[in-house]
There are 2 protein chains.
Amino acid sequence: MKIAVDAMGGDHAPQVIVQAVEQAVQQYPNLTFVLFGDPVQIKSYQTHDSAQLEIVPTTEVIENEDEPVKAIRSKKDSSLVRAAQAVKKGEADALFSLGSTGALLAASIFIIGRIKGIDRPALMPTMPAVSATGLVNVLDVGANAESKPAYLEQWALLGTIYAQTIRKLSHPKIALLNNGTEFDKGDRLHQEVYQRLSHNTFINFIGNVESNHLLDSDADVIVTDGFTGNAALKAVEGMAKLLLHQIKEALLNNGTRVKVGALLAKPAFATLKSKFDPSLNGGAVLLGVKAPVIKAHGAADVASICSTIEQIDIMLTTKMIDQVVLALQHHVDEGED
Amino acid sequence: MKIAVDAMGGDHAPQVIVQAVEQAVQQYPNLTFVLFGDPVQIKSYQTHDSAQLEIVPTTEVIENEDEPVKAIRSKKDSSLVRAAQAVKKGEADALFSLGSTGALLAASIFIIGRIKGIDRPALMPTMPAVSATGLVNVLDVGANAESKPAYLEQWALLGTIYAQTIRKLSHPKIALLNNGTEFDKGDRLHQEVYQRLSHNTFINFIGNVESNHLLDSDADVIVTDGFTGNAALKAVEGMAKLLLHQIKEALLNNGTRVKVGALLAKPAFATLKSKFDPSLNGGAVLLGVKAPVIKAHGAADVASICSTIEQIDIMLTTKMIDQVVLALQHHVDEGED
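These figures come from a predicted structure and were not determined experimentally.

So, how was this worked out
Residues numbered from 1 in each chain as written. Chains lettered and ligands numbered in written order. Predicted model: local features only at pLDDT ≥ 70, side-chain atom pairs only at ≥ 80, totals over all residues. Heavy atoms only, no water. Helix = DSSP H or I, 4+ residues; strand = E, 2+ residues; numbered from the N terminus. Rg over C-alpha atoms; globule rule 2.2 N^0.38 Å. Buried < 20%, exposed > 50% of the residue type's maximum accessible area, 1.4 Å probe, protein only. Areas by Shrake-Rupley, 256 points an atom, 1.4 Å probe, with all protein chains shown as cover. Contact = heavy atoms within 4.5 Å. Buried area = accessible area lost by both parts, 1.4 Å probe. Salt bridge = Lys/Arg side-chain N within 4 Å of Asp/Glu carboxyl O. Polar contact = N/O pair within 3.5 Å; in protein donor to acceptor, adjacent residues only side chain to side chain. Nonpolar A, V, L, I, M, F, W, Y, C, P; charged D, E, K, R; others polar. Pairing = 2+ DSSP bridges. Axes fitted to C-alpha atoms, helices over the stretch in contact; angles between N-to-C directions. Least-squares fit on C-alpha atoms with pLDDT ≥ 70 in both. Parallel < 35°, antiparallel > 145°, perpendicular 65-115°, else oblique. Left-handed = near helix turned anticlockwise from the far one by under 90°. Phe/Tyr/Trp six-rings, centres within 6.5 Å; stacked < 30°, edge-to-face > 60°. Right-handed = clockwise from strand over helix to strand, strands pointing away. Core = buried A, V, L, I, M, F, W, Y, C linked by side-chain atoms within 4.5 Å.

**Q** Quick one: what's the story with the overall build of chain A, residue by residue and with numbers?
**A** Looking only at helices and strands, chain A has 11 helices and 12 strands in total. A compact globule built from 337 residues would reach a C-alpha radius of gyration of about 20 Å, and chain A, at 21 Å, matches this within 12%. Evaluated residue by residue, chain A yields a buried proportion of 59% over its 337 residues. With the model as given, the accessible surface of chain A reaches about 14,000 Å², and the carbon-plus-sulfur share is 51%.

**Q** Describe the interface of chain A and chain B, listing the residues and the values that go with them.
**A** On the chain B side, the residues contacting the 49 residues of chain A number 50 residues. Counting the surface lost from both chain A and chain B, the interface buries some 4,300 Å², and carbon and sulfur atoms represent 71% of this. Inspection of the region where chain A meets chain B yields 4 salt bridges. Put simply, R188(B) and E146(A) hold a salt bridge, and the shortest N to O gap is 3.7 Å. Taken together, chain A and chain B are joined by 12 residue pairs in polar contact (both at pLDDT 80 or more). Listed by contribution, the elements that provide at least two residues to the side of chain A that touches chain B are helix 7 (188-199), helix 8 (226-252) and helix 9 (255-276) of chain A. Examining the composition of the side of chain A that touches chain B, we find that 18 residues originate from one element, helix 8 of chain A, more than from any other. A per-class count over the side of chain A that touches chain B returns 27 nonpolar, 13 polar and 9 charged.

**Q** Describe the sheet that holds strand 12 (residues 293-295) of chain A, listing the residues and the values that go with them.
**A** Residues and elements named next belong to chain A. As summarised here, the arrangement of the 7 strands in space is 3-2-1-4-12-11-5, forming an open sheet in which the pairing is mixed. The open sheet is flanked by strand 3 (53-57) and strand 5 (122-124), the only strands paired with a single partner. Taken over all neighbouring pairs, the strand axes of this sheet differ in orientation by 25 degrees on average, direction set aside. Alignment of strand 2 (residues 32-37) against strand 3, held across 5 bridges, turns out to be parallel. Looking at the pairing, F36 lines up with V56 of strand 3.

**Q** Tell me about the sheet that holds strand 9 (residues 204-209) of chain B, and please be specific about residues and values.
**A** Residues and elements named next belong to chain B. With mixed pairing, the 5 strands of this open sheet are ordered in space as 6-7-10-8-9. The strands lining the two open edges of the sheet, one partner per strand, are strand 6 (126-128) and strand 9. For this sheet, the mean inter-axis angle between neighbouring strands, taken without regard to orientation, is 30 degrees. Where strand 6 and strand 7 (residues 135-139) come together, 3 bridges link them in antiparallel fashion. If you follow M127 over to strand 7, its bridge partner there is V136. Across the sheet, helix 6 (residues 149-165) lies against strand 6, strand 7, strand 8 (173-177) and strand 10 (221-223), angled at about 170 degrees from strand 10, the strand it touches most.

**Q** Which residues make up the relation of the copies chain A and chain B, and what are the values?
**A** Superposing chain A onto chain B requires a rotation of 180 degrees together with a translation of 0.0 Å along the rotation axis, leaving an RMSD of 0.0 Å. The superposition of one copy onto the other is thereby described by a two-fold rotation axis. Ranked by how close their C-alpha atoms come to the rotation axis, the residues of chain A are headed by G261(A), at 1.8 Å. The fraction of interface residues of chain A whose copies in chain B are also interface residues reaches 100%, indicating that both copies meet through the same surface.

**Q** Would you mind going over the pattern of salt bridges in detail, with residue names and values included?
**A** Scanning the model with the defined rule gives 15 salt bridges over all chains in all. Between D77(B) and R82(B) there is a salt bridge, with the nearest N and O atoms lying 2.6 Å from each other. Residues joined in a network through salt bridges with shared partners are E153(A), E192(A) and R196(A).

**Q** Can you explain the packing of helix 9 of chain A against helix 8 (residues 226-252) of chain B? Please cite residues and give values.
**A** In helix packing, the relevant descriptors are the interaxial angle and the interaxial distance, both defined with respect to the helix axes. Interhelical geometry of helix 9 of chain A versus helix 8 of chain B gives an angle of 130 degrees and a closest axis separation of 8 Å. Taken together, the axes of helix 9 of chain A and helix 8 of chain B are oblique relative to one another. By crossing handedness, the relation of helix 9 of chain A to helix 8 of chain B is classed as right-handed. Residue-level inspection shows A265(A), A268(A), F269(A), L272(A), K275(A) and F276(A) of helix 9 of chain A in contact with helix 8 of chain B, the latter providing L242(B), Q246(B), I247(B), A250(B) and L251(B). When the residues that make up the contact of helix 9 of chain A with helix 8 of chain B are grouped by side-chain class, the tally is 9 nonpolar, 1 polar and 1 charged.

**Q** Lay out the packing of aromatic side chains with the relevant residues and their values.
**A** Following the criterion strictly, the structure yields 6 aromatic pairs over all chains and no others. Ring centres of Y194(B) and F205(B) lie 5.0 Å apart, and the angle between their planes is 80 degrees; this geometry places the pair in the edge-to-face category. A residue pair is termed long-range when its members are at least 10 positions apart, and Y194(B) in helix 7 (residues 188-199) and F205(B) in strand 9 qualify at 11 residues. Residue Y194(B) shares its accessibility class with F205(B), and that shared class is buried. Taken together, the aromatic side chains of F183(A), Y194(A) and F205(A) make up a single cluster linked through ring pairs.

**Q** Can you break down the pairing of strand 2 (residues 32-37) of chain B residue by residue, with the values?
**A** Regular strands place side chains that alternate from one sheet face to the opposite one. Residues and elements named next belong to chain B. Buried residues dominate strand 2, accounting for 6 of its 6 residues. Neither face of strand 2 is open: one carries T32, V34 and F36, the other F33, L35 and G37, and all of them are buried. Relative to strand 2, strand 1 (residues 2-6) runs parallel, the two being bridged by 5 bridges. Among the inter-strand pairings, A4 is bridged to a residue of strand 2, identified as V34. This β-α-β element, strand 2 to helix 2 (residues 39-45) to strand 3 (residues 53-57), shows right-handed connectivity.

**Q** Tell me what's going on with unusual backbone geometry, and back it up with residues and numbers.
**A** For the bond running from A13(A) to P14(A), omega is -5 degrees, close enough to zero to count as cis. Relative to the helices and strands, P14(A) resides in the loop between strand 1 (2-6) and helix 1 (15-27). Cis geometry is adopted by the peptide bond preceding D140(B), which originates at L139(B) and carries an omega value of 0 degrees. Position of D140(B) relative to the elements: it lies in the loop between strand 7 and helix 6. Here K168(A), not a glycine, exhibits a phi torsion of approximately 55 degrees, which is positive. In this structure, K168(A) sits in the loop between helix 6 (149-165) and strand 8 (173-177). Since its relative accessible area comes to 58%, K168(A) is described here as exposed. Phi is positive for K319(A), which is not a glycine, with a value near 50 degrees.

**Q** So what's going on with the nonpolar core? Residues and values would help.
**A** If you look at the biggest cluster of nonpolar residues, it comprises 116 residues, and the most contacted ones within it are L95(A), L95(B) and I222(B). Those residues in contact with I222(B) that lie beyond four places of it in its chain are V136(B), N137(B), V138(B), L139(B), A175(B), L177(B), V209(B), L214(B) and S217(B).

**Q** A description of the environment of S307(A) should follow, citing residues and the corresponding values.
**A** Residue and element names in this part refer to chain A. Topologically, S307 is positioned in helix 10 (residues 302-317). For the pair S307 and A24, spaced 283 residues apart in the sequence, the C-alpha separation amounts to 9.4 Å. Ignoring sequence-local partners within four residues, the contact set of S307 consists of S279, L280, N281 and G282.

**Q** Got a sec to walk through the environment of A268(A)? Specific residues and values, please.
**A** Summarising the element assignment, A268(A) is placed in helix 9. Among the residues examined, A268(A) registers a relative accessible area of 2% and is labelled buried. In this structure, A268(A) is in contact with A250(B), L251(B), N254(B) and V258(B), ignoring residues within four places of it in sequence.

**Q** An account of the environment of C306(B) is needed here, citing residue identities and associated values.
**A** Residue and element names in this part refer to chain B. Secondary-structure assignment places C306 in helix 10 (residues 302-317). On the basis of relative accessibility, which here comes to 11%, the residue C306 falls in the buried class. When sequence neighbours within four positions are dropped, the list of residues in contact with C306 reads A20 and Q23.

Encoded structure:
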């Protein structure tokens, strides 16, 4: 099994990527990595040669500032476009990038292509949660600004299969992010999605969840339109960051006694960090395209990239995409377009 | 100036309401309070008679579980409906409740009525923020599940006037909650709202803000559709609650050394609490109806209710509603319905 890696995407590319891939090569003898990027830079970080690590030289890089669709059309020799083309041609089985989410989305849709029955792919992170499994998947968190009822039903199915195959949950509980818990809550879109999910026998639908319980509900997977999902996820991330920063400031600026206390209490914050570190849970998956496509955070470190590679390995060995294709033939209606 | 008070709404009604009103009577000799509710219960908490405090007996109470529109139609002798009717008839100048938000919204629209030029009223809390003024207003946070471009433009105007009159900001900065900062971000709704806000000369529009910066942007007022605003606000509140609970747990369950540290560091958390306590900033205002309508949290304490009464006092003394009516004659187009 071969993973096409966009070696030039992300804040510390290609260094952290080369380091993580060299670790993964030891750990996963069944995996081969094709690194697309500047060979001089890539080789400068390589510590040894390996038959599991190939380099394909590319000359261009897509930046976060580039307009995604334009970039994948004009930067034909970029590390991302070349990596996506390798997957399209069957030369690689999965696509992995730390670069621009928009460009990865565009490359996945326009080069690799959607699975039949999926109108729009969805972006899905695995979040740390206060729940039985300690995790929750949320989709779509921003691949789509406009959503239709059929899309959300398809995403519920994609989320179900992901939770079954990757998280090994036999009956993953699916909830709908809405503005209230009652069945008739929400705008027309969410009211219709509620009805569709209730009637889809493939989906173990447990009802609505509000965003104040995004990380502490009974749901294993939360389905949301891409605009609201993006807002809820960013609000959660932003608030966590803001609050932890404010706590740090308060601990440093309330006298020596407080400072000593903070020093003594430090292990508690380490426990907390290990519990809520999203980088331990792999990358965000772009579900609905014809191959596993995974986006790791631009600032991801070696450990975080390794956990993402593990996630890709599981997606490949379980043949998750095949299971999606199979389920789609039976359990969802296609959307209007 | 007379405030109609739904004395039966909220978790600790009418006790905390009577206590807060008795305090306010001392502080605001210009205000009179009409308490609608069970006279026996209200009187049992009264410590003394005051010419500024009237009681109007009512026999029914609208509960959080009641369907809002149905409730205001069927419970004609409820404390909320009677209080709203007093405002409608001009017997009182403002409406204040700690009860069901949905019922207050329904009573405000169907009994008090919308201001001409406002298609849909919006719910707007004042949130603690890491900004120059330490505050941010966000609207709509859930009065409307469906939103149209014209609504958001009207809310931007309402937010501007509120920030000018109540927060005394001469040129309040208005931002649009969106899924990216660039001008062309968002779905069709948000793209059109961006254009409208850019061209409205009354509004000091500073562009898009993402929800990870809801509480630490340059904006004084953030405009959002009611569905997304509801999700973002609840996500922020839920994450703060979850994180603080997790920190507390971690401080208690990591041994004696950490516990001692937590004890020493306690003043830091008190500082933090006073900085981010939303109850210090008054209640959520329902903007766009013909009188000041304010909703305090159901669990609000006496101090929090007093800060809400101060807010109502300022809204009345500055004649904010008149200023809204005036501005609407000049600066917004009406929506399609």
